[in-house]
Amino acid sequence: MTAPASAPTVELAVRGGTLVDADWQDRADLFVSRGRIQAVVAPGTPLPAGSGQATEIDATGRLVLPGGVDPHCHVGFTSGDFTSLDDYRACTTAAVFGGTTTIVDFAIPRPGQAPIEAAYAQRAKAAEGLCDSALHACVVSWDGTTHGQLTELAAEGVVTVKMFTTYRGENMADEDTILRTMTTLRDVGGMVVVHCEANHLIEDAQRRCAAHGGVGADRMSFTRPELAETASVAEILAIAESARAPVYFVHQSTASSVELVAAARRRGLPAFSETVAHHLVLDEGRYDGPQPERFVCCPPLRPAAAVRELGRHLFTGEITTIGSDHCCYDLAQKRSNRHDVRTMPNGLPGVETRLPVIFSEYVVGRGLPVTRFVALTSANPARTNGIHPRKGSLRPGADADLAIWDPTLRWTLTAPDLHMATDYTPYEGRTVTGKPTTVVVGGRVVVDADRLVDPTPRGRHLPATRLDLTPTLDPRLPNPTRQYA
Ligand code: URP
Ligand code: ZN
Ligand code: ZN
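Everything in this summary refers to the structure shown in the same document. Residue numbering note: each chain is counted from 1, following its sequence as written. Chain letters and ligand numbers both follow the written order, the letters beginning at A and the numbers at 1. With pLDDT at 70 or above as the cut-off, local features in this predicted model cover only qualifying residues; side-chain atom pairs require 80 or more to be listed or tallied, and sums for whole chains, interfaces and linings still use all residues. To obtain the side-chain values, all non-hydrogen atoms of the structure were used and water was disregarded.

## Some thoughts on the coordination of the zinc ion (ligand 3)
The test is simple: Water is not among the atoms examined, so metal sites may look incomplete; donors are the N, O and S atoms within 2.8 Å of the metal, or within 3.2 Å for Na, K and Ca. Between 85 and 135 degrees for all angles marks four donors as tetrahedral; over 155 degrees for opposite donors together with 65 to 115 for all other angles marks four donors as square planar and six as octahedral; every other arrangement is irregular. Helix and strand assignments come from DSSP, with helices taken as H or I runs of at least 4 residues and strands as E runs of at least 2, each series counted from the N terminus. Three labels apply to residues, based on accessible area from a 1.4 Å probe with only protein chains included: buried if under 20% of the type maximum, exposed if over 50%, partly exposed otherwise in between.
Of the protein atoms, only His72 (NE2), His74 (NE2) and Asp325 (OD) coordinate the zinc ion (ligand 3), at distances of 2.0 to 2.2 Å. Around the zinc ion (ligand 3) sit four donor atoms; with metal-centred angles ranging over 86 to 136 degrees, the donor geometry is irregular. Mapped onto the polypeptide sequence, the residues donating to the zinc ion (ligand 3) form the spacing pattern H-x1-H-x250-D. In this model, the zinc ion (ligand 3) sits 3.6 Å from the zinc ion (ligand 2). You can see His72 sitting in the loop between strand E8 (68-70) and strand E9 (78-79) and its partner Asp325 sitting in the loop between strand E17 (321-323) and helix H11 (331-335), a full 253 residues away along the chain. Each member of the pair, His72 together with Asp325, is buried.

See the structure below:
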């Protein structure tokens with residue numbers, strides 16, 4: 001525990017709670033000064049002289065967590081004919097209600113738009129947010145300017161770049177482009193983050209579905225088989241190993257994909273697995289129920305046994321981060337084209353529900369240590385995005401972004417009570433245990449007892465510093481950066 005430094009005045013004191021960071025937890029009080037954590041002190045430690053006006057939060061019976069960092073969040077995302085319905089203000093409002101205080105968005109270029117243009121346009125929106133945000137750029141094709149654009153973006157602190165092995169004609173990149181992008185990012189201290197689904201296998205599956213049984217939302221699993229994901233992960237790992245470049249796999253939906261990445265990491269490659277909340281909690285049985293379009297996402301939901309196997313890797317340490325893959329479409333958008341998954345909007349709203357459903361299902365339900373919950377949902381995403389320990393940490397000096405969490409509160413998820421810019425949630429009617437009851441952003445209380453008490457947008461774009469590619473993985477694994485140097 002650190003003693004309070006003598007000097008700065010404390011503006012906020014959080015007392016009586018259990019502080020939980022990624023690798024420790026303890027009963028302690030926390031002092032905030034100038035928007036940052038000033039000190040973690042023994043319970044009851046008096047405030048430093050001159051701090052008479054400090055706000056005090058009584059966190060008795062509650063956990064004090066670093067605010068969540070969502071590494072995968074699409075804000076106002078255009079794909080095909082559809083644009084998801086939120087902007088930075090709406091998305092971050094929902095985020096803070098759910099205990100997330102940093103989002104990482106994607107700047108996906110529109111046809112003809114340069115990656116750097118898309119990134120600068122998206123970055124300019126950060127100020128509309130109620131919390132801070134970082135950005136992944138995106139490369140779809142390579143030309144004579146791409147290397148220069150990536151180098152300039154890296155100098156600006158945008159060092160992670162999303163690439164897709166699917167969505168032909170829209171965002172799909174070929175292997176040469178992926179190799180060149182990986183190599184360039186390796187040299188500037190960045191990393192490719194990849195959506196892996198082998199497009200040729202998906203198109204083939206879709207052709208077969210179209211001929212037999214159809215391509216409606218109820219057929220989602222058949223149109224995007226697990227094999228397409230594992231095949232693509234293996235291919236991208238081979239490219240990364242050849243280039244000796246770090247690589248991060250987004251929304252991995254199967255244990256076998258995660259295991260391919262873990263095996264590469266054991267060979268010394270800095271390779272990381274992200275999963276997203278819906279793949280850890282929901283299964284493909286939803287496509288057999290009413291309104292299967294509510295659950296259409298890529299990769300699709302998987303069989304219940306596969307969901308269980310994937311979840312096991314939260315405990316083995318082989319999953320690095322949990323994101324939301326938030327895409328805020330409403331039911332009218334999801335219903336249009338629901339008879340053809342090739343053209344309907346895919347993706348699920350989830351920035352607000354990510355932490356509550358994972359806490360309930362895995363910490364309360366299955367005994368995941370709460371420190372590991374913090375690592376997966378806050379510290380590790382901050383590390384792989386080069387914003388740790390400013391974000392995702394309770395260390396003195398970190399931004400005072402806190403989710404003060406009631407671990408026993410039971411509540412029911414229902415769209416009218418949530419704050420995302422949509423009229424549905426894939427978790428409608430689900431009762432969960434655990435809720436962020438007070439949320440602090442930059443030392444200011446923003447949400448308290450289900451109310452937005454400070455709606456002032458103060459969002460900042462977070463440039464990445466050096467990526468920290470040593471997230472709290474399985475301690476049995478070698479340190480990837482040290483091994484790979
Ligand atoms: O279904 C999904 N995940 N839609 C959003 C775009 C993407 O692939 O991440
Ligand atoms: Zn994706
Ligand atoms: Zn996504």
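## Notes on the side chain of Arg294
The condition that has to hold: A positive count includes Lys and Arg, and a negative count includes Asp and Glu. His and the chain ends are not counted in either. Each reported salt bridge corresponds to a side-chain nitrogen of Lys or Arg within 4 Å of a carboxyl oxygen of Asp or Glu. The definition of a polar contact used here is a pair of N or O atoms within 3.5 Å, where within protein one atom must be able to donate a hydrogen and the other to accept one, and adjacent residues in sequence count solely through side-chain atom pairs. The contact definition used throughout considers only heavy atoms, calling two residues in contact when any of these lie within 4.5 Å.
Position of Arg294 relative to the elements: it lies in the loop between helix H9 (277-281) and helix H10 (304-316). For the buried residue Arg294, which engages in no salt bridge, the nearest side chain bearing the opposite charge is Glu428, 5.3 Å off. Separated by 2.4 Å, the side chains of Arg294 and Gln291 make a polar contact. In contact with Arg294, other than residues within four places in its own chain, are Leu331, Lys334, Leu348, Tyr424, Thr425 and Pro426.

## Notes on the site of ligand 1
This is how it is decided: Any residue with a heavy atom lying within 4 Å of a molecule or strand is counted as near it. Here the Shrake-Rupley method, with its probe set to 1.4 Å, supplies the accessible areas, and only the displayed protein chains count as covering residues. Of the two site types, the cavity is a set of points on a 1 Å grid over the protein atoms alone where a 1.4 Å probe fits but cannot get out, and the pocket is an open set with protein on both sides within 12 Å along at least five of seven lines, each lined by residues with an atom within 4 Å of a point. For a cavity or pocket, the test is whether more than half of a molecule's atoms lie within 2 Å of its grid points; if they do, the molecule sits there. In the scheme used here, Gly and all other residues not listed as nonpolar or charged are polar, with Ala, Val, Leu, Ile, Met, Phe, Trp, Tyr, Cys and Pro taken as nonpolar and Asp, Glu, Lys and Arg as charged.
The environment of ligand 1 is made up of 14 residues, and the closest members are Tyr167, His195, Cys298, Asp325 and Asn346. At 3.2 Å from an oxygen atom of ligand 1 is found a side-chain nitrogen or oxygen belonging to His74. A distance of 2.7 Å is found between an oxygen atom of ligand 1 and a backbone nitrogen or oxygen belonging to Cys298. Here ligand 1 has 270 Å² of accessible area as a free molecule, and 100% of this is covered by the chains. Structurally, ligand 1 is housed in the largest cavity. Considered class by class, the residues forming the shell around ligand 1 number six nonpolar, six polar and two charged.

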